[in-house]
Amino acid sequence: MGRLCRLRCTTTVVLLVSWLVGTTSGDDGEGIPDFYELKCSACCSIVAELERNLETEKPRMNVDLRKTLAGKAQGKVIDYSVSELRTTELLEELCPGMEHYGVTTLEDGTASFQRHSVGGGSVHIEGTMKIGTKKYHDDRVKLRSYCEGLVEEHEDLLGEAIKKAGLAQLHKKHDDAQRAREKRRQENDTCAEEED
């Protein structure tokens, strides 16, 4: 949970700074703000989607860089959680996930982006959401485009945050393995004492 918190803080700062760069305002005539009034919510949705991707990612094998095309043994095995491959895959999966978001409007008139579909799970929508309208489609396209722009602009910072989260995960894995070895050693010592 600590790695996600650090990732969320780092990513939120990056995305909110980006949001501060120019906004326009408007209304669609139905009381729903235009996309640019929802930029803060868009950033939060992008962070939430990245967190969701991190939480639902499946364990992967390590990246083996020991063999070259010439057949020579050089390089090393890199833990997938801190690999460039993982970072690239997570960032590539991020913006297509924005297709699952729409604008919800609460009773008090505030509007925000909210995920409305999940694979193999349930979702609770607070407020009302008009799905299938031209505005709904336009907002999804704008959100995905906005996400792609942010990822491209801040790819290094986002990649660094993802690697730090992976590094924290890697340290936890090593600590867990160390505790398991220590526990087995203690159990073996106890068994040896009982045999004597």
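Bear in mind the structure is a predicted one, so any value in this text is a computation, not a measurement.

Scoring rules and cut-offs
- In this numbering scheme, every chain counts its residues from 1 along its sequence in written order.
- Where totals are concerned, whole chains, interfaces and linings use all residues; where local detail is concerned, this predicted model gives features only for residues with pLDDT of at least 70, and gives and counts side-chain atom pairs only at 80 or more.
- Water and hydrogen atoms were dropped before computing side-chain values, which therefore reflect all heavy atoms in the structure.
- For the purposes of this section, nonpolar cores are sets of buried Ala, Val, Leu, Ile, Met, Phe, Trp, Tyr and Cys residues that join through side-chain atoms within 4.5 Å.
- Burial classes follow relative accessibility: with a 1.4 Å probe on protein chains only, a residue under 20% of its type's maximum area counts as buried, one over 50% as exposed, and anything between as partly exposed.
- Under the scheme used here, helices are H or I runs from DSSP no shorter than 4 residues and strands are E runs no shorter than 2 residues, and both carry numbers assigned from the N terminus.
- When two cysteine sulfur atoms lie within 2.5 Å, the pair is treated as a disulfide.
- Two strands qualify as a pair provided that DSSP identifies no fewer than 2 bridges between them.
- We call two residues in contact whenever any of their non-hydrogen atoms come within 4.5 Å of each other.
- Helix axes use the C-alpha atoms of the stretch in contact, all axes being lines fitted to C-alpha atoms, and the angles between their N-to-C directions lie in the range 0 to 180 degrees.
- In the sections that follow, a salt bridge refers to a side-chain nitrogen of Lys or Arg positioned within 4 Å of a carboxyl oxygen of Asp or Glu.

## Details of the nonpolar core
The tendency in soluble globular proteins is for nonpolar side chains to be buried as a group.
Line of reasoning, step 1. Ile46, Phe113, Leu143, Tyr146, Cys147 and Val151 are the most contacted members of the largest nonpolar core, which has 23 residues in total.
Line of reasoning, step 2. Broken down by secondary-structure element, the contributors of at least two residues to this core are helix 2 (39–56), helix 3 (84–94), strand 3 (101–105), strand 4 (111–115), helix 4 (134–153) and helix 5 (155–195).

## A few points about the state of the cysteines
Every disulfide links exactly two cysteines, by a covalent bond between their sulfur atoms.
Line of reasoning, step 1. Applying the stated criterion to the full structure yields 1 disulfide.
Line of reasoning, step 2. Sulfur-sulfur distance for the disulfide between Cys95 and Cys147 comes to 2.2 Å. Between Cys95 and Cys147, the S-S torsion sits near -80 degrees, and that sign places the bridge as left-handed. Of this pair, Cys95 sits in the loop between helix 3 and strand 3 while Cys147 sits in helix 4, and the two are 52 residues apart along the sequence.
Line of reasoning, step 3. Judged by its relative accessible area of 0%, Cys147 falls in the buried class.
Line of reasoning, step 4. Left unpaired, Cys40 is separated from the closest cysteine sulfur, that of Cys44, by 4.6 Å.
Line of reasoning, step 5. You can see Cys43 has no disulfide; the closest cysteine sulfur is in Cys40, sitting 6.6 Å from it.

## Some words on the sheet that holds strand 5 (residues 128–129)
Line of reasoning, step 1. Strand order across the open sheet formed by 3 strands is 4-3-5, with antiparallel pairing between neighbours. Among the strands making up the open sheet, the edge pair consists of strand 4 and strand 5.
Line of reasoning, step 2. As paired strands, strand 3 and strand 4 are joined by 5 bridges and run antiparallel to one another. For Val103, the partnering residue across the bridge sits in strand 4 and is Phe113.
Line of reasoning, step 3. Across the sheet, helix 2 lies against strand 3 and strand 4, angled at about 15 degrees from strand 4, the strand it touches most.

## Here we look at the pattern of salt bridges
Line of reasoning, step 1. Per the stated rule, a full pass over the model turns up 8 salt bridges.
Line of reasoning, step 2. Here Glu99 ties to Arg140 by a salt bridge, and the two come within 2.7 Å at their closest N and O atoms. Residue Glu99 is found in the loop between helix 3 and strand 3, and its partner Arg140 is found in helix 4; the two are separated by 41 residues along the sequence.
Line of reasoning, step 3. Residue classification places Arg140 among the buried residues on the basis of a relative accessible area of 18%.
Line of reasoning, step 4. Residues joined in a network through salt bridges with shared partners are Glu99, Arg140, Arg144 and Glu148.

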